[in-house]
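A closer look at the structure
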Amino acid sequence: MPAAAKRFIMPYAVWILFALGWTDPPMLGWLAAAAAPILIHLFSRRRRRETGWAAMELLRAAVQKRSRRMRFERWLLPAVRAMLIAIVAAAAAGPYLGSTSTASSPGRGTHRILLFDCSYSMSYKPADRARFDLAKERARLIVEASFSGDAFSLAAMSRRPRTVLSASLDREAALRAIDDMRPSEQPAELPPTVAVLRRIIDDAKKKHPLLERTEIYVLSDLQRTTWSPELSPSARAEFIDAVKALAESASLRIVDVGGPGADNLAVVDLRPLDPPVLTRRPATLRVELKNFGENKIAKQNVDLLIDGRAIDRKKIDLPPGESVEVVFSHAFDAPGEKSIEVAAMGDRLEIDNRRYCVLSVRGEINVLCVDGRPSGKRLDGTADYVALALDVREPPAGDAKFNVETADESALVERDLNEFDCLFLCNVARFTDAEVRALAAYLQRGGGVIFFLGDQVQAENYNRLLCTPGQGGAGGMKILPARLGRLIERRRFRLDPLGFQHPILKTFRGRGQNVLTATPVFKYFNLELPEDAETNVVLAAAGDPLIVERPMGQGRVVLAATAAEPDFSPLPLWPSFVPLVREMADYCAAGRTRRQNIMVGDRLEMFVAPAAAEASAKLVAPDKQVHRLRPQSLGDRALLSYGDAIESGLYLVKFGSSTEDERPFAVNLDTSESDLARIEPAELRTETWPDVGFQYRTHQQRFDAAIGSERAGGGLHAFMLCCALGLLLSDTLLSWKYGRK
Amino acid sequence: MAEYSPRLLDAEMLARLRRFPLRARRVVEGCVSGRHRSPFHGFSVEFAEHRDYSPGDDLRYLDWKAYGRSDKYFLKRFEEETNLVCHLLLDVSGSMDYRSESAPMSKLDYARRAAASLAYLVLHRQDGVGMVTFDDEIRALVRPAGNPSHLNDILEVMNDLPQRRKTSLGPIFHDLAERLGRRGIVIILSDFFDDVDSIVAGLKHFRHRRQEVVLLQVLDPAEIDFPFDDPTLFRGLEEAEDISADPASIRAAYRAELNRYLRRLQAACRAAEIDYARLRTDRSLEAALAGYLASRV
């Protein structure tokens with residue numbers, strides 16, 4: 001290279017190389033190819049032909065005359081070609097102005113935030129590697145291609161988005177954090193993730209105020225459930241505003257690691273059809289599977305395992321996009337808590353191919369009927385009709401399903417309510433704080449409480465202690481699902497079963513409809529429903545709710561606005577009363593194991609006796625790892641809890657030495673994430689993130705610095721391509737000019 | 001006629017060239033039959049032989065008696081009285097060895113054939129011819145003679161060329177101008193790739209000695225057209241330093257230099273009343289010689 005070129009061009013070339021930022025620095029390796037024209041030129045010079053020559057003086061004169069021009073022309077073409085290759089290579093490396101990272105001190109470069117979609121759909125394996133692995137690989141490339149002054153943050157997008165690494169200047173730490181990233185077993189939620197990103201950016205500004213720019217790389221499979229969340233109009237507007245604000249302060253880049261045509265099969269539900277489950281009676285387990293793909297799945301095995309032993313297998317066909325119900329029937333010999341597992345393996349996303357359930361199998365259902373006006377005479381007490389209805393023997397075995405005990409209201413504080421699966425409170429006039437406290441604790445542990453009102457009921461006491469959070473002994477718990485209003489009396493009207501939708505009314509569906517709707521109810525308390533979605537109306541009367549229910553703690557409360565005695569209303573004498581009461585009992589008693597059937601991310605909790613709290617408790621996770629649990633004393637009982645259950649599967653808590661002191665827990669996935677349908681990039685621009693500037697690439701594509709360069713006053717990439725085009729044209733003209741001599 | 005080298009002489013070509021006698025344009029010392037003007041009158045009287053009459057021969061030397069006997073025209077010739085002496089100066093330096101791919105022979109071969117043919121033609125006309133080969137010094141010198149067997153001596157000199165060196169035309173011409181005797185024709189066959197001023201000074205020395213000088217510049221077509229395309233290392237044939245060049249980029253400059261040089265040489269020849277003819281080795285020697293000789297008639 002001529003000395004002048006060395007003196008003037010090289011320093012600038014080096015400056016440009018280091019002053020610019022590059023979105024894909026490995027592409028700069030192609031700069032070496034720029035040497036090719038020079039080498040070819042030198043090689044061709046070495047391969048010159050030789051000839052003897054007579055007119056050397058003439059030749060020398062000609063050469064001398066054109067020597068400078070010859071030297072210029074000789075190097076012109078190779079130089080143009082070398083520049084052409086260099087510029088194309090530089091353009092391919094994605095240059096952008098404004099990042100003087102390599103030359104700058106730490107904390108003056110670019111803040112790169114890597115947001116991983118940690119929803120379990122990222123575990124989908126389209127080939128030999130999961131989508132999450134592709135995301136990690138891409139993230140590594142981004143970090144490795146960064147410069148010394150850059151900062152890195154990592155965040156996980158899941159149901160509870162979290163910051164994994166905050167504005168670290170340590171590239172190795174970032175790489176280690178990437179390696180440690182794991183997909184969760186939960187869906188991901190975008191709106192709270194935006195808040196986490198905002199927080200990361202704000203923290204980074206405080207930590208490294210000289211960071212020049214921020215790039216957010218969202219590594220996701222663009223699953224529709226994540227990217228197109230169902231939001232109310234106001235929440236949606238708020239969400240889009242937040243994303244716009246984010247895009248103004250950072251360059252948003254979406255790396256799509258997903259792809260079209262992903263099929264998936266999931267076990268979406270597993271539950272007993274008629275809880276509670278009793279021994280010696282066939283229990284029906286209902287399993288729902290859904291084919292989320294576009295292809296039919298034929299002869300899919302569905303396996304039932306109870307306490308780890310294979311019990312039954314069924315083969316089913318699943319049409320595309322449809323759900324199929326599979327029913328297993330099994331009779332349990334002995335009572336106890338049973339771990340149920342259903343597996344339908346064999347697709348590319350295996351995490352949702354299993355579902356778990358813990359069943360409490362009982363010999364009978366223990367019911368305490370609290371009589372507000374006990375009487376020594378038969379069928380004279382207010383709870384007598386309820387007890388009688390529960391005591392009915394069921395054909396064909398004739399076994400008693402319920403073990404009923406009747407007591408007055410003092411039993412609420414004197415008896416251990418945990419001995420009972422559900423309580424009927426009939427015409428209890430008023431409650432004391434201690435009683436309310438006992439009821440609240442009972443409900444908290446999964447008990448079921450059914451209120452029948454009556455002529456003794458003091459509505460004010462009910463409303464104050466059972467309906468007002470913070471009042472009485474219920475702490476922050478509101479026990480009654482509705483406030484009691486005035487007493488309404490009507491001569492005759494029909495009951496409205498509301499389409500028999502509620503499980504309590506399932507027994508009346510079909511032929512029993514008329515029996516229920518014709519039931520006479522003349523007096524009832526007007527119920528004032530709260531404005532929440534948790535209260536369900538089971539039965540209505542003349543447009544007013546007659547029976548309502550709602551979950552309370554881990555248990556359930558059913559409130560009947562009328563009484564269970566014929567003096568108040570003829571309901572107890574009507575044929576519909578017996579099945580109605582028994583269904584209420586079944587429904588409420590089923591809650592005892594509800595605490596043991598939780599979803600991924602929920603807190604795993606159980607109450608134990610104070611004595612057990614002193615013993616060491618252990619939790620055996622699905623991966624057989626053992627965790628120690630520290631009991632928390634709550635006075636008359638102790639609470640064992642285990643952080644967040646982040647893996648689906650069957651857990652076992654051991655809080656004593658005997659098998660009686662073991663309790664299984666089933667942790668299941670939210671299968672809304674099993675639908676792998678994607679949102680297309682165009683839809684993302686128009687619907688999810690309208691008017692939000694972001695770049696989109698698949699994981700195989702590289703980002704250019706479009707946004708960055710625009711911000712830097714750029715179009716540098718386009719400018720380089722124009723230069724390359726100009727050089728290409730020059731090369732053609734020069735070749736034509738000098739080639740024809 | 002003496003034997004001649006089949007490599008250097010072409011009988012058919014020579015037969016056709018006989019029609020073009022080499023005539024002196026100027027006064028030469030010595031005349032046989034008045035074809036060449038002599039400064040001396042009545043110099044030669046001893047009859048030697050008859051020869052066939054050719055159109056243009058001086059009728060004064062027609063043998064009328066022989067015509068009367070045979071009804072054919074014969075011209076009387078006189079022994080040792082050939083006044084035309086032709087000196088053939090052949091450049092045998094290294095540069096004459098050049099032969100390009102498009103040329104059928106080297107410049108030296110071409111010049112040798114031309115010299116041999118001219119010698120034959122001169123001897124055929126009963127004139128005297130001598131031969132000098134040179135590079136930067138005189139390599140061989142054959143004194144002029146007019147007997148036919150003299151051709152063998154000339155051919156032998158041209159066939160037995162020593163190791164050649166670089167050209168040094170000017171000094172050689174000065175040397176020869178002094179050494180060549182009687183006034184005659186000096187025909188120089190060379191590529192004349194040397195300093196023009198030096199060449200011209202030497203040629204003027206010949207002219208000073210009243211010699212008629214003819215320059216036959218033998219060039220290879222590649223030396224004129226410079227047809228090379230690929231980068232080439234030009235190795236000097238006469239110990240000159242090698243030159244590496246891209247022919248495409250200097251072609252125009254080389255041609256300009258060559259034309260300038262040729263124009264200078266021709267202009268100098270014209271000024272000194274020297275005949276100049278250019279012979280390309282890719283062209284027919286017969287045509288070239290015929291063209292030149294015809295121009296002298």
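Because the structure is a prediction, the values reported are computed rather than measured.

As for the overall build of chain B
Tallying secondary structure elements over chain B gives nine helices and 10 strands in all. In chain B, buried positions account for 44% of the 297 residues. Across chain B, every contact between residues at least 6 apart in sequence was considered, and the portion connecting residues at least 24 apart equals 76%.

Remarks on the overall build of chain A
Helix and strand counts for chain A come out as 18 helices and 35 strands. Across the 741 residues in chain A, those meeting the buried criterion constitute 43%.

Here we look at the confidence of the model for chain A
All names here are of chain A. Across chain A, pLDDT averages 83, with 87% of residues at or above 70. Scored below 50 in pLDDT, residues 98-104 shows 25 contacts in the model against residues more than four places distant or in partner chains. pLDDT under 50 marks residues 705-714. Its contacts with residues more than four places away, or in other chains, come to 30 contacts.

A closer look at helix H3 (residues 107-124) of chain B
Taking 1.5 Å per residue, 18 residues should reach 26 Å; H3(B) reaches 25 Å between its end C-alpha atoms and fits that length. Just downstream of H3(B), Gln126(B) is the residue with a positive phi angle, here 65°.

Some details on the interface of chain A and chain B
Chain A puts 25 residues into the contact, and the matching count from chain B is 27 residues. The set of elements that each furnish at least two residues to the side of chain A that touches chain B consists of helix H2 (35-46), strand E2 (49-53) and helix H3 (56-92) of chain A. Broken down by element, the side of chain A that touches chain B gets its largest block of residues, 13 residues, from H3(A). For the side of chain A that touches chain B, the per-class residue count stands at 11 nonpolar, three polar and 11 charged. Where E2(A) and strand E8 (residues 232-236) of chain B come together, five bridges link them in parallel fashion. Across the sheet, Glu50(A) pairs through a bridge with Leu233(B), a residue of E8(B).

A closer look at the nonpolar core
If you look at the biggest cluster of nonpolar residues, it comprises 96 residues, and the most contacted ones within it are Leu114(A), Leu115(A), Leu219(A) and Leu289(A). Among the nonpolar cores identified, the runner-up in size contains 81 residues, and Trp53(A), Ala116(B), Met131(B) and Leu289(B) belong to it.

Some words on unusual backbone geometry
You will see that Asp307(A), though not glycine, has its phi angle at about 50°, which is positive. For Asp307(A), a count of 13 C-beta atoms within 10 Å gives the class partly exposed. The residue Asp71(B) is not glycine, and still its phi comes out positive at about 60°. Relative to the helices and strands, Asp71(B) resides in the loop between helix H2 (64-70) and strand E2 (74-78). In this structure Asp71(B) comes out as exposed when scored by C-beta crowding, with 7 C-beta atoms within 10 Å.

A few points about the sheet that holds strand E27 (residues 597-599) of chain A
Residues and elements named next belong to chain A. One open sheet accounts for five strands, arranged E27-E34-E33-E29-E30; its pairing is mixed. Every other strand in the sheet has two partners, leaving E27 and strand E30 (626-629) as the edge strands with one partner each. Ignoring strand direction, the axes of neighbouring strands in this sheet form an average angle of 25°. As defined by bridge partners, strand E29 (residues 617-620) adjoins E30 across four bridges and the pair is classed as antiparallel.

Concerning the sheet that holds strand E31 (residues 632-633) of chain A
Residue and element names in this part refer to chain A. Strands sit in the order E28-E32-E31 across an open sheet of three strands; the sheet is antiparallel. The two strands at the open ends of the sheet, each matched to only one other strand, are strand E28 (603-608) and E31. Bridging between E28 and strand E32 (residues 638-644) involves six bridges; their strand directions are antiparallel. Its bridge partner lying in E32, Phe-607 is registered against Leu-639.

A look at the pairing of strand E15 (residues 336-343) of chain A
Residues and elements named next belong to chain A. Taken together, the four bridges between strand E12 (residues 297-306) and E15 define a ladder with antiparallel strand orientation. Residue pairing for E15: Leu-305 is matched across the bridge by Glu-341. Direction of pairing for E15 relative to strand E16 (residues 354-362): antiparallel, over a ladder of eight bridges. Bridging across to E16, Val-342 finds its partner in Arg-355.

Examining the confidence of the model for chain B
All names here are of chain B. The predicted model of chain B averages 82 in pLDDT, with 86% of residues at 70 or higher. In this model, residues 1-6 is a region of pLDDT below 50 whose contacts with residues beyond four sequence positions or in other chains number 13 contacts. Here residues 30-34 is a poorly scored stretch, pLDDT under 50, and it has 26 contacts once near neighbours within four places are set aside; other chains count. Confidence metrics for the complex model read pTM 0.55 and ipTM 0.78.

Here we look at the packing of helix H6 (residues 190-207) of chain A against helix H8 (residues 233-249) of chain A
Residues and elements named next belong to chain A. Close contact between H6 and H8 brings their axes to 10 Å; oriented N to C, the two are set at 30°. Comparing their axes, H8 and H6 come out roughly parallel. Once H6 is placed against H8, the crossing between them reads as left-handed. Along its contact with H6, which presents Pro-191, Val-194, Leu-197, Arg-198 and Ile-201, the element H8 presents Phe-239, Ala-242, Val-243, Leu-246 and Ser-249.

A closer look at helix H11 (residues 433-444) of chain A
All names here are of chain A. In a regular helix each residue adds 1.5 Å, so 12 residues correspond to 16 Å; H11 covers 16 Å between its end C-alpha atoms and thus fits that length. Tucked into the core, H11 has its buried residues touching helix H10 (411-414), strand E20 (448-453), helix H12 (459-466), strand E25 (544-552) and strand E26 (555-563). Among the residues trailing H11, Gly-446 stands out with phi positive, at a value near 105°.

What about the packing of H3(B) against helix H4 (residues 150-159) of chain B?
Residue and element names in this part refer to chain B. Interhelical geometry of H3 versus H4 gives an angle of 170° and a closest axis separation of 10 Å. Between H3 and H4, the angle is such that the two are roughly antiparallel. Taking contact as the criterion, the partners of Arg-112, Ala-115, Ala-116, Ala-119, Tyr-120 and Leu-123 in H3 are, on H4, His-150, Leu-151, Ile-154, Leu-155 and Met-158. Considering only residue class, the contact of H3 with H4 consists of nine nonpolar, one polar and one charged.

Let's talk about the environment of Asp602(A)
Structurally, the position occupied by Asp602(A) is in the loop between E27 and E28. Along the backbone, Asp602(A) and Gly643(A) are 41 residues apart, and their C-alpha atoms lie at a distance of 8.3 Å.

Describing the environment of Ala334(A)
All names here are of chain A. Tracing the backbone through its elements, the reader meets Ala-334 in the loop between strand E14 (323-331) and E15. With 9 C-beta atoms counted inside 10 Å, the residue Ala-334 sits in the exposed group. Considering only alpha carbons, one finds Ala-334 and Val-361, 27 residues apart in sequence, at a separation of 7.5 Å.

Observations concerning the environment of Ala344(A)
Residue and element names in this part refer to chain A. Inspection of the secondary structure assignment puts Ala-344 in the loop between E15 and E16. Note: C-alpha distance between Ala-344 and Asn-301 (43 residues apart in sequence) is 5.8 Å. When near neighbours in sequence (up to four residues on either side) are disregarded, Ala-344 contacts Leu-265, Val-267, Leu-289, Gln-300, Asn-301, Val-302 and Asn-353.

Criteria and cut-off values
- Residues numbered from 1 in each chain as written.
- Chains lettered and ligands numbered in written order.
- Predicted model: local features only at pLDDT ≥ 70, side-chain atom pairs only at ≥ 80, totals over all residues.
- Helix = DSSP H or I, 4+ residues; strand = E, 2+ residues; numbered from the N terminus.
- Buried ≥ 20, exposed ≤ 12 C-beta atoms within 10 Å, placed from the backbone.
- Contact = placed C-beta atoms within 7 Å.
- pLDDT = per-residue confidence, 0-100.
- Expected span 1.5 Å × (residues − 1).
- Nonpolar A, V, L, I, M, F, W, Y, C, P; charged D, E, K, R; others polar.
- Pairing = 2+ DSSP bridges.
- Core = buried A, V, L, I, M, F, W, Y, C linked by C-beta atoms within 7 Å.
- Axes fitted to C-alpha atoms, helices over the stretch in contact; angles between N-to-C directions.
- Parallel < 35°, antiparallel > 145°, perpendicular 65-115°, else oblique.
- Left-handed = near helix turned anticlockwise from the far one by under 90°.

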